[in-house]
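What follows is the residue order along each chain.
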Amino acid sequence: MSFLGVEQSLSGRRWVGPGVEVDRASEMMAQQTGLPRSVCQVLARRGVPAMEAQGFLEPKLKELLPDPREMKDMEPAAARFLEAVRHKQRIAVFADYDVDGGSSAALLLVWLRQMGLEATLYIPDRIDEGYGPNVPAMQELASAHNLIICVDCGTLSHEPIAAAKGADVIVLDHHLGGETLPDCVAVVNPNRQDESGDLGYFCAAGVVFLMLVEAGRQLREAGAKGPDLMSLLDLVALATVADVAPLIGANRALVRQGLKVMGARNRPGLVALSDVSRMDSAPSTYHLGFLLGPRVNAGGRIGKADLGARLLSTNDPHEAAALAERLDQLNTERRDIENAVRAAALEQAEKRGLEAPLVWAAGEGWHPGVVGIVASRLKEAANRPAVVIGFDGEEGKGSGRSVSGVDLGASIQRLAAEGLLVKGGGHKMAAGLTVMRDKLEPAMKRLSELLAKQGAGEGGPADLKLDGALMPGAASVDLIEQIEQAGPFGAGAPAPRYALPDLQVRFAKKVGESHLKLSLSDGMGGGVDAICFGAFDTALGPRLLDHGGARFHFAGRLEINTWGGRQSPQLRLEDAAEA
């Protein structure tokens, strides 16, 4: 049964309301706990029992953080790390070029600096070297260092790690492991094949943080003291949100606490980045995912790969300001490159058809730094796993994004094992690959078959799940603050989405290249402002701008808009339907 009778919205989706069971459970929880009904609705939808409601709303790290020793190789990893610290050995940190890699590297660099050591940072160039450790880089680092720590990479790097003669290697990662592990001191990874998978929701920075927790414990056992780990949680929060790790279990507490740490503005790099991003309110998961994350990523995508990690680890406000400015410029350039590739990829994918289990596109000269973002856009447009590949001659480098319930990383790894890819790997929701031109068509055909077996391609555009209906007058700052008690919201923990039924568009204006700003009214004095990002990339923008006085149902998430020191409710519009 569709919600508000919407079988096909302006974006082609059916609206689905909360089930009767959720309504009953939230009503009962409100009676038992005295919590606001709006909060109980969110908790009931998540399946939180009434007796656990208070604990859920106040997640505590000491209760939720797992014992680091639950992960294999954790004790030897921390022990070898501390041996290098005690003997003032030369340490190199080899990191991936994304936010998770940069944050993971910064965690180690900052911790070591507080212990009196300066480590070497090495981040490979995305185009010249590609993802993860490579033989020449590892040989060079091994010739000048006693210990190499690979973060957010390394689990599948058997040959490069074997080439690091004369140095010990530790891997701290979260990407899917293969049947065998590299021969090194330790591979700490909750997604190793011999792990239970219970902690598989951690990003690499979460794994690095747990290793530092274990290092702290070993220091205390030896009668020594390590740096304050709580002060590092802003880095863990940034990586967790930007890497789209699910906000469940300990991740909820890490992000909640990390946002508080970030709000204190003690890390020069994040202060400079927040200022250049024109952040004008307390940090939220939105700021991490959509303002800070893309700018940190921009260096690895189209600039110098180490800019993000250097920004996050610097102590110098002047260096931080210069790095933040450069990353902001690169992010603007990245957007322009992305828009060109996205238009070409979408046109190609539409010609091929968006109904197959896999949506894919490939083109000569498409920048490898933006293919992942474009794959995300294709996935959202088709509600299918998507792969986008940029070719340079006969070799193509690509990136894929998946939908919930379809493990893309395992399928990509299978293709590599079958010889259809030069290499490939990742995790459930995202993966990278390298493919030769003559294998492109057979590889994509085989990948489509593997994904179809997991149920990809069975639905049309995803149903839009709604948590209820609100009139504009009820959408207050107080209500939004109540709802935010159940946060943080993000991957695996979506913010509640409401329908505002039967409203008129009082004002509509195109903002930037593709966004739409609206003022909505119920015609009886009640109203709310709305913003729709990317509206003109869909049917929403043109129809709402040229509304002709029609009435619509609107759907989206509520947020607090801060302007000139004043707060007001705002609807982040996701969909609309003719009323």
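Residues numbered from 1 in each chain as written. Predicted model: local features only at pLDDT ≥ 70, side-chain atom pairs only at ≥ 80, totals over all residues. Heavy atoms only, no water.

Caption draft 1: Main features of the overall build of the protein. Looking only at helices and strands, the protein features 20 helices and 17 strands. Counting only C-alpha atoms, the protein reaches 75 × 60 × 45 Å along its principal axes. Taking all 579 residues of the protein together, the buried fraction comes to 55%. A separation of at least 24 residues holds for 64% of the contacts in the protein among residues at least 6 apart in sequence. As presented, the protein carries roughly 24,400 Å² of accessible surface, and 51% of it is formed by carbon and sulfur atoms. (Helix = DSSP H or I, 4+ residues; strand = E, 2+ residues; numbered from the N terminus. Buried < 20%, exposed > 50% of the residue type's maximum accessible area, 1.4 Å probe, protein only. Contact = heavy atoms within 4.5 Å. Areas by Shrake-Rupley, 256 points an atom, 1.4 Å probe, with all protein chains shown as cover.)

Caption draft 2: Main features of the pairing of strand β5 (residues 168–172). Here β5 lies mainly inside the structure; 4 of its 5 residues are buried. Relative to β5, strand β4 (residues 147–151) runs parallel, the two being bridged by 5 bridges. Bridging from a neighbouring strand, Leu147 pairs with Asp168 of β5. Relative to strand β6 (residues 186–188), β5 is paired through 3 bridges, and the arrangement is parallel. (Pairing = 2+ DSSP bridges.)

Caption draft 3: Region of the structure containing helix α7 (residues 135–144). For α7, the set of buried residues is Ala137, Met138, Leu141 and Ala142. All buried residues of α7 fall inside an arc of 130° around its axis, so they share one side. For α7, the exposed residues lying more than 90 degrees away from the buried face are Pro136, Glu140 and Ser143. Of the surrounding secondary structure, the elements contacted by the buried residues of α7 are β2 (91–95), β3 (120–122), β4, α8 (158–162) and β5. Two or three places before Ala137, at the opening of α7, Asn134 has a side-chain oxygen 2.9 Å from that residue's backbone nitrogen. (Arc of directions from axis to C-beta. Polar contact = N/O pair within 3.5 Å; in protein donor to acceptor, adjacent residues only side chain to side chain.)

Caption draft 4: Quick peek at the nonpolar core. Among the nonpolar cores identified, the biggest contains 85 residues, and Phe81, Trp111 and Leu212 are the most heavily contacted of them. Once residues within four sequence positions are removed from consideration, Trp111 is found in contact with Phe81, Leu82, Val85, Leu212, Ala215, Leu219, Pro227, Leu229 and Leu232. Leu503, Leu518, Phe552 and Leu571 belong to the second-largest nonpolar core, a separate cluster that totals 39 residues. (Core = buried A, V, L, I, M, F, W, Y, C linked by side-chain atoms within 4.5 Å.)

Caption draft 5: Focus on the pairing of strand β16 (residues 551–563). Both strand β13 (residues 498–511) and β16 contribute to a ladder of 5 bridges, which runs antiparallel. In the sheet register, Tyr498 faces β16, and the bridge partner there is Gly556. Here β16 folds back onto strand β17 (residues 566–578), and the loop between the two strands holds 2 residues, one of which, Gly564, carries a positive phi near 60°.

Caption draft 6: Layout of empty space enclosed by the protein. Enumeration over the complete set of coordinates arrives at 1 cavity of 30 Å³ or more. Estimated volume of the largest cavity: approximately 40 Å³. Lining the largest cavity, in full, are Tyr97, Asp98, Gly102, Ile123, Val296, Ala305, Gly308 and Ala309. Among the residues forming the lining of the largest cavity, the class breakdown is 5 nonpolar, 2 polar and 1 charged. (1 Å grid on protein atoms, 1.4 Å probe; cavity = no way out; pocket = protein on both sides within 12 Å on 5 of 7 lines; lining within 4 Å. Points joined across faces, edges and corners; volume = space filled by probe spheres on them. Nonpolar A, V, L, I, M, F, W, Y, C, P; charged D, E, K, R; others polar.)

Caption draft 7: Structural view of the packing of helix α10 (residues 233–242) against helix α13 (residues 285–302). Axis separation between α10 and α13 bottoms out at 9 Å; the angle between their running directions is 90°. Of the possible angle classes, the one that applies to α10 and α13 is roughly perpendicular. Mapping the contact onto sequence places Ala237, Leu238, Val241 and Ala242 in α10 and Thr285, Leu288, Gly289, Leu292, Gly293 and Val296 in α13. When the residues that make up the contact of α10 with α13 are grouped by side-chain class, the tally is 7 nonpolar, 3 polar and no charged. (Axes fitted to C-alpha atoms, helices over the stretch in contact; angles between N-to-C directions. Parallel < 35°, antiparallel > 145°, perpendicular 65-115°, else oblique.)

Caption draft 8: How the structure looks around the layout of surface pockets. In this structure, the second largest pocket spans a volume of roughly 350 Å³. Lining the second largest pocket are 25 residues, and of these Asp234, Val261, Arg265, Asn266 and Arg267 sit closest to its centre. Those elements that place two or more of their residues in the lining of the second largest pocket are α6 (99–114), α11 (250–263) and α12 (268–276). Along the lines of polarity and charge, the residues of the lining of the second largest pocket split into 11 nonpolar, 9 polar and 5 charged.

Caption draft 9: A look at the side chain of Arg126. Mapping Arg126 onto the fold places it in the loop between β3 and α7. No salt bridge is formed by the buried Arg126; its nearest oppositely charged neighbour, Asp96, is found at 6.4 Å. Polar side-chain contacts of Arg126 include one of 3.0 Å to the backbone oxygen of Gly300. If near-sequence neighbours (up to four positions away) are discounted, Arg126 is found in contact with Tyr97, Gly300, Arg301, Pro368, Gly369 and Lys397. (Lys, Arg positive; Asp, Glu negative; His and termini not counted. Salt bridge = Lys/Arg side-chain N within 4 Å of Asp/Glu carboxyl O.)

Caption draft 10: Region of interest: the side chain of Thr285. Looking at the secondary structure, you find Thr285 in helix α13. Beyond its immediate stretch of four places on either side in the chain, Thr285 contacts Val241, Leu247, Val255, Leu259, Pro488 and Phe489.

Caption draft 11: Broad picture of α10. The element α10 is extensively covered by neighbouring structure, given that 9 of its 10 residues are classed as buried. By the burial criterion, the buried members of α10 are Leu233, Asp234, Leu235, Val236, Ala237, Leu238, Ala239, Thr240 and Val241. Downstream of α10 by a residue or two, Val244 has a phi angle that is positive, lying close to 55°.

Caption draft 12: Focus on the packing of α10 against α11. Where α10 contacts α11, the axes come no closer than 7 Å and their chain directions differ by 125°. Taken together, α10 and α11 sit at an angle that is classed as oblique. Taken as a pair, α10 and α11 cross one another with a handedness that is left-handed. In contact with Leu233, Asp234, Val236, Ala237, Thr240 and Val241 of α10, α11 contributes Asn251, Leu254, Val255, Gln257, Gly258, Leu259, Val261 and Met262. (Left-handed = near helix turned anticlockwise from the far one by under 90°.)

Caption draft 13: Geometry of the sheet that holds strand β10 (residues 423–426). Across the sheet, 5 strands lie side by side as β7-β8-β9-β11-β10; this open sheet has mixed pairing. Each edge of the sheet is formed by a strand with only one pairing partner; in this case those strands are β7 (359–364) and β10. On average, each strand axis in the sheet is inclined to that of its neighbour by 15°, with strand direction left out of account. Pairing between strand β8 (residues 386–392) and strand β9 (residues 395–401): 7 bridges, direction antiparallel. By the bridge assignment for β9, Phe391 is matched with Gly396. Against the sheet, helix α16 (residues 371–382) touches β7, β8 and β9, its axis set at about 45° to β9. Set on the sheet, helix α17 (residues 408–417) makes contact with β9, β10 and β11 (430–436); between it and β10 the angle comes to about 160°.

Caption draft 14: Geometry of the environment of Ser103. By secondary structure assignment, the location of Ser103 is in helix α6. Spatially, the C-alpha atoms of Ser103 and Val208 are 9.5 Å apart, while their sequence positions differ by 105 residues. Residues within four places of Ser103 in sequence aside, it is in contact with Ala205, Leu235, Leu238, Ala239 and Leu312.

Caption draft 15: Representation of the state of the cysteines within the structure. One pass over the structure, following the stated rule, counts 0 disulfides. Cys153 carries a free sulfur, and the closest cysteine sulfur to it, the one in Cys150, is 5.1 Å from it. Overall, the relative accessible area of 0% leaves Cys153 in the buried class. (Disulfide = S-S within 2.5 Å.)

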